[in-house]
Amino acid sequence: MDLNVLGQPTRIYCGGRSFDRRLPAVVMIHGAGHDHSVWQYQARHLAHHGFAVLAPDLPGHGASAGEALTGIAALAEWIEALLDAAGVARAALVGHSMGSLVALACSARSPRISALVLVGSVAPMPVAAPLLDAARSQRARAHAMINQWSYVPTSHIGASACPGLWLPGLNAALMARQREGVLAADLAACNAYTDGLEAAARVGCPTLVVCGERDQMTPPRATRPLLDALARGGAAVRLHTLAGAGHAMMAEAPGALGDALRDFLGSTTG
Amino acid sequence: MSASTPYGRDTLALHAGQSPDPTHGSRATPIHFTTSHVFSDTAEAAELFNLERPGHVYARISNPTVAVLEERVAALEGGVGAIATASGQAALHLTIVTLMGAGGHIVASRSLYGGSHNLLGYTLPRFGIHTTFVDPRDPDAWRDAVRAETRLFFGESLGNPGLDVLDIPTVAQIAHAHHLPLLVDATLVTPCLQRPLELGADLVMHSATKFLGGHGVAVGGVLVDGGRFDWEAAGLFPTLTEPYDGFHGMDFAEESPVAAFLLRARREGLRDFGACLSPMNAFQILQGLETLPLRMRAHVDNARQVAAHLAAHEQVARVAYPGLDGHPDHALAARLLPAGAGAVLSFELKGGRAAGQAFIEALRLFSHLANVGDAKSLVIHPASTTHFRMSAADLAAAGIGEGTVRLSVGLESLADLLADLDRGLAAAGKLSRT
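As a starting point, this report considers the structure included with it. Computed from a predicted structure; not experimentally measured.

Conventions used here
Residues numbered from 1 in each chain as written. Chains lettered and ligands numbered in written order. Predicted model: local features only at pLDDT ≥ 70, side-chain atom pairs only at ≥ 80, totals over all residues. Heavy atoms only, no water. 1 Å grid on protein atoms, 1.4 Å probe; cavity = no way out; pocket = protein on both sides within 12 Å on 5 of 7 lines; lining within 4 Å. Points joined across faces, edges and corners; volume = space filled by probe spheres on them. Helix = DSSP H or I, 4+ residues; strand = E, 2+ residues; numbered from the N terminus. Nonpolar A, V, L, I, M, F, W, Y, C, P; charged D, E, K, R; others polar. Pairing = 2+ DSSP bridges. Contact = heavy atoms within 4.5 Å. Axes fitted to C-alpha atoms, helices over the stretch in contact; angles between N-to-C directions. Buried area = accessible area lost by both parts, 1.4 Å probe. Salt bridge = Lys/Arg side-chain N within 4 Å of Asp/Glu carboxyl O. Polar contact = N/O pair within 3.5 Å; in protein donor to acceptor, adjacent residues only side chain to side chain. Parallel < 35°, antiparallel > 145°, perpendicular 65-115°, else oblique. Left-handed = near helix turned anticlockwise from the far one by under 90°. Expected span 1.5 Å × (residues − 1). Buried < 20%, exposed > 50% of the residue type's maximum accessible area, 1.4 Å probe, protein only. Right-handed = clockwise from strand over helix to strand, strands pointing away. Phe/Tyr/Trp six-rings, centres within 6.5 Å; stacked < 30°, edge-to-face > 60°. Lys NZ or Arg CZ within 6 Å of the ring centre and 35° of its normal. Bend = angle between axes of the 7 residues up to and from the residue.

A short note on the layout of surface pockets
Thought 1: Counted as a void, the largest pocket has a volume near 770 Å³.
Thought 2: In terms of lining, the largest pocket is formed by 31 residues, of which the most central are A:Gly158, A:Ala159, A:Ser160, A:Ala161 and B:Ser19.
Thought 3: For the lining of the largest pocket, the element with the highest residue contribution is helix α3 (residues 64-77) of chain B, accounting for 4 residues.
Thought 4: Of the residues assigned to the lining of the largest pocket, the class counts are 15 nonpolar, 13 polar and 3 charged.
Thought 5: Of the voids in this model, the second largest pocket is the one considered here, and its volume is about 410 Å³.
Thought 6: Together, 26 residues line the second largest pocket, and A:Ser97, A:Leu131, A:Leu187, A:Met217 and A:His247 are the ones closest to its centre.
Thought 7: Of all elements in the fold, only α5 (139-150), α7 (167-177) and α8 (182-192) of chain A reach the threshold of two or more residues within the lining of the second largest pocket.

Below you can see the structure in the form of structure tokens.
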């Protein structure tokens, strides 16, 4: 469906079901240079199991209008505006990579967030200088670098879980569809967000951290400071590791991630 | 480094789409000869049907062996995915019926494989889909043929049988200016000689029966989506941008902006029209794909020599091979097909139809049959076989004469091929002297 958020037409994927605000709401926030479609399977899974799913294209991404917002804090504010536009009082947030920082920042500032899921997340999330440079001036090179680091070696060969889809090609095409400057703005936002651990210490809602066992972008061992910060703040924190998956775990372990999300979110809605 | 893979073409041809079988460690791609796959429980069954999780349900929709072929060709072409079909014709049909219904219109090159010309020119009009055939070398003809109801541009990388080189960047630009996708049949070039998606095409199809398999034992087709065409922005493709009651009310472009076409083609086209590929055929085509880069290099080497040999022969009126200086598309071929202009060529014998018949019947190594792209050398007379339904005017427009002979140059020893051709040319010459 399309909603007007802060005056801008915004594309929101609802997992193939009509949005029903009487159900527990879940907002699924994509990562840098992506759009809602990275959540295709997990969004459908949650939408078919009792959740009202809102998987937006962030401003300037995919089919949403406007310019890409230039900071994690601004994106976190935008998520609250999205909840207002959808008429949702409380929602769980699920974010991947850059989207996880947005979800974290939003959860730290808003009492409306009922549960938090951080997928492929570390805080802080520094971005390598060569990637930042490439995103500004050599997009194809940036896409190649992201693909190289997003998938486990077997995914670079193929044998995808999704019959007939060549995942590295799919991701390259998805990134190529985004408007000029979007990826650079997203990666700069990740790199500049240094408040992640402080934000984590302010999160009060139940939180799930999902790691890809073989994630090279946000390796499991690097999540420890984030887990510790969340625990310090008093949030009930769980860690779930997806066997064999890399950073692109929505595509590499679509069923296992969907199950993990549903189990956790189900436990938080009673 | 390509954006989609760190691996080179030769590596992808051997490995893409397959990891060793986790149960038994089989290195070769297993043949999953099964119609259906067992659900672990009722919940999983529902989730697979709802597309909440990916997986195989029934072989008409997808199959693990077929999926390896699909991924491998998608990787080689630089696409987002592929659908393997029962034949190349099925891939063309699947493209068309995914993009349009009755009332739709196609602009196509007039230099097409006879079977494609049949489908577009004679069969689809019965279902309300019409085609305007244009001179592929004339950009204005492509432009002028566009109507409000046009939904697709279609041409072959190398036109059949005159070997016209499709100027993909130019034709794609015209298509895109009208918010239309370009489908390229790349059967004669394979991803080893040209990757049409990189040149601007949006969709690529193959008759995998030909060079991809290379052994002449299995009929099949593959349709690859580049994932770049913006179906929503075009505003012309309700099959992809409006909810489809036949599959969960899915709006395919919203579901997956990048893979919308493949989703609809698989979930409607394969499901309802049913032209799926057998896992045995997929396995056989995969065996061929493993050696495709090696074979294409050898095919091109032999074809260049054969073309030059024929061009210098007194019994030959003209040779159509874009790798030769005299071909009208020689410069274009150098730009779009730098690794070689394929291994199919046609030539006009002096002496017309009778000379053609004498030539073919004198050959010993070249097999007279209706196919191209076999490892073995092949020969045919298009006017009496593959293009027999076309009128004399259409034949002439497609560059086919009474004495036109088409060769598919194989991998035999070059000296043996040249000797065989000389044998045929001698027979044709003897006939014309009597």
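What to know about empty space enclosed by the protein
Thought 1: Summed over all chains, the structure comprises 3 cavities of 30 Å³ or more.
Thought 2: Around the largest cavity, the lining is made up of 18 residues, and of these A:Ser37, A:Val38, A:Leu167, A:Leu170 and A:Ala251 lie nearest the centre.
Thought 3: When residues of the lining of the largest cavity are assigned to their parent elements, the largest contribution, 4 residues, is made by α7(A).
Thought 4: Each residue belonging to the lining of the largest cavity can be placed in one class, and the counts come to 13 nonpolar, 5 polar and no charged.
Thought 5: As a volume, the second largest cavity reaches approximately 220 Å³.
Thought 6: Along its surface, the second largest cavity is lined by 19 residues, and A:Tyr41, A:Pro163, A:Leu165, B:Leu263 and B:Arg266 are the ones closest to its centre.
Thought 7: Contributing elements (two or more residues each) for the lining of the second largest cavity: α1 (40-47) of chain A together with β1 (81-85) and α13 (260-273) of chain B.
Thought 8: Of all the elements, α13(B) adds the most residues to the lining of the second largest cavity, at 4 residues.
Thought 9: Of the residues in the lining of the second largest cavity, the class split is 12 nonpolar, 5 polar and 2 charged.

Here we look at the sheet that holds strand β8 (residues 316-320) of chain B
In any sheet, the strands associate via hydrogen bonds between backbone groups, in a parallel or an antiparallel arrangement.
All names here are of chain B.
Thought 1: Across the sheet, 5 strands lie side by side as β8-β9-β12-β11-β10; this open sheet has mixed pairing. Of all the strands in the sheet, the pair left with one neighbour each is β8 and β10 (367-368).
Thought 2: Taken strand by strand, helix α15 (residues 292-311) contacts β8, β9 (344-349) and β12 (404-408), and its axis lies near 10° from that of β9.
Thought 3: In the packing of helix α17 (residues 352-362) onto the sheet, the strands contacted are β9, β10, β11 (378-380) and β12, and the crossing angle to β9 comes to about 125°.

Things to note about the sheet that holds strand β3 (residues 130-134) of chain B
Residues and elements named next belong to chain B.
Thought 1: Ordered by their spatial adjacency, 7 strands build an open sheet running β1-β7-β6-β5-β4-β2-β3, and the pairing between neighbours is mixed. The open sheet has two edge strands, β1 and β3, and neither has a second partner. Averaged over all pairs of adjacent strands, the angle between strand axes in this sheet comes to 20°, irrespective of strand direction.
Thought 2: Pairing analysis gives 5 bridges linking β1 to strand β7 (residues 221-225), with the strands arranged antiparallel. Across the sheet, alanine 82 pairs through a bridge with valine 224, a residue of β7.
Thought 3: Set on the sheet, helix α4 (residues 88-99) makes contact with β1, β2 (105-109), β4 (150-156), β5 (182-185), β6 (203-207) and β7; between it and β6 the angle comes to about 150°.
Thought 4: The strands touched by α13 within the sheet are β1, β6 and β7, with β1 carrying the most contacts at an inclination of about 25°.

Digging into the interface of chain B and chain A
When the parts come together, some accessible area is lost, and that loss is often what is quoted as the size of the interface.
Thought 1: Facing the 48 residues of chain B at the interface are 43 residues of chain A.
Thought 2: Between chain B and chain A, roughly 3500 Å² of surface is buried when both sides are summed, and carbon and sulfur atoms account for 56% of that area.
Thought 3: Counting across the chain B and chain A interface gives 5 salt bridges.
Thought 4: The partner of B:Glu232 in a salt bridge is A:Arg11, and the shortest N-O contact between them spans 2.8 Å.
Thought 5: At the boundary of chain B and chain A, one finds 18 residue pairs in polar contact (both at pLDDT 80 or more).
Thought 6: Secondary-structure elements contributing two or more residues to the side of chain B that touches chain A are α1 (9-15), α3, β1, α12 (252-255) and α13 of chain B.
Thought 7: Among the elements that line the side of chain B that touches chain A, the one with the most residues is α3(B), at 5 residues.

Quick word on the packing of α5(A) against α7(A)
Between two packed helices, the angle of one axis relative to the other and the distance separating the axes together describe the packing.
Residues and elements named next belong to chain A.
Thought 1: Closest axis-to-axis distance for the α5/α7 pair is 10 Å, and the angle between their directions is 140°. One way to sum up the angle between α5 and α7 is to call them oblique. You can see that α5 and α7 cross each other, and the crossing is right-handed. Between α5 and α7, the residues in contact are Arg139, His143, Ile146 and Asn147 and Pro168, Asn171, Ala172, Met175 and Ala176, respectively.
Thought 2: Here the contact of α5 with α7 is built from residues that sort into 5 nonpolar, 3 polar and 1 charged.

Quick notes on α15(B)
Thought 1: Look at α15(B): 28 Å from first C-alpha to last across 20 residues, which is about the 28 Å you get at 1.5 Å a residue.
Thought 2: B:Leu292, B:Pro293, B:Arg295, B:Met296, B:His299, B:Val300, B:Asn302, B:Ala303, B:Val306, B:Ala307 and B:Leu310 are the residues of α15(B) that are buried.

With respect to the pairing of β2(B)
Residues and elements named next belong to chain B.
Thought 1: Within β2, 5 of the 5 residues are buried, which leaves the element mostly enclosed by the surrounding structure.
Thought 2: Pairing of β2 with β3 involves 5 bridges; the strand directions are parallel. Across the sheet, residue serine 109 finds its bridge partner in β3, namely valine 134.
Thought 3: For the segment spanning β2, helix α5 (residues 114-123) and β3, crossover handedness is right-handed.
Thought 4: Pairing of β2 with β4, which is carried by 4 bridges, proceeds in the parallel orientation. Bridged to alanine 108 within β4 is phenylalanine 154.

Concerning the packing of aromatic side chains
All names here are of chain B.
Thought 1: With the rule as written, the count across this model stands at 8 aromatic pairs over all chains.
Thought 2: Here the aromatic rings of phenylalanine 347 and phenylalanine 359 are separated by 5.3 Å at their centres, their planes lie at 85°, and the arrangement is edge-to-face. A residue pair is termed long-range when its members are at least 10 positions apart, and phenylalanine 347 in strand β9 and phenylalanine 359 in helix α17 qualify at 12 residues.
Thought 3: Through pairs of rings, three or more aromatic residues link up here, namely Phe229, Trp231, Phe237 and Phe261.
Thought 4: A cation over a ring is seen here: lysine 210 above tyrosine 113, with NZ or CZ 5.9 Å from the ring centre.
Thought 5: Over the ring of tyrosine 244 we find arginine 264, and its NZ or CZ is 3.8 Å from the ring centre.

Things to note about α13(B)
Residue and element names in this part refer to chain B.
Thought 1: Look at α13: 18 Å from first C-alpha to last across 14 residues, which is about the 20 Å you get at 1.5 Å a residue.
Thought 2: Remark: the principal bend of α13, roughly 30°, maps to arginine 266.
Thought 3: The buried fraction of α13 is high, at 11 of 14 residues.
Thought 4: Within the span of α13, buried status applies to Ala260, Phe261, Leu262, Leu263, Arg264, Ala265, Arg266, Arg267, Glu268, Gly269 and Leu270.
Thought 5: Looking one or two residues beyond α13, the residue adopting positive phi is glycine 274, at roughly 80°.

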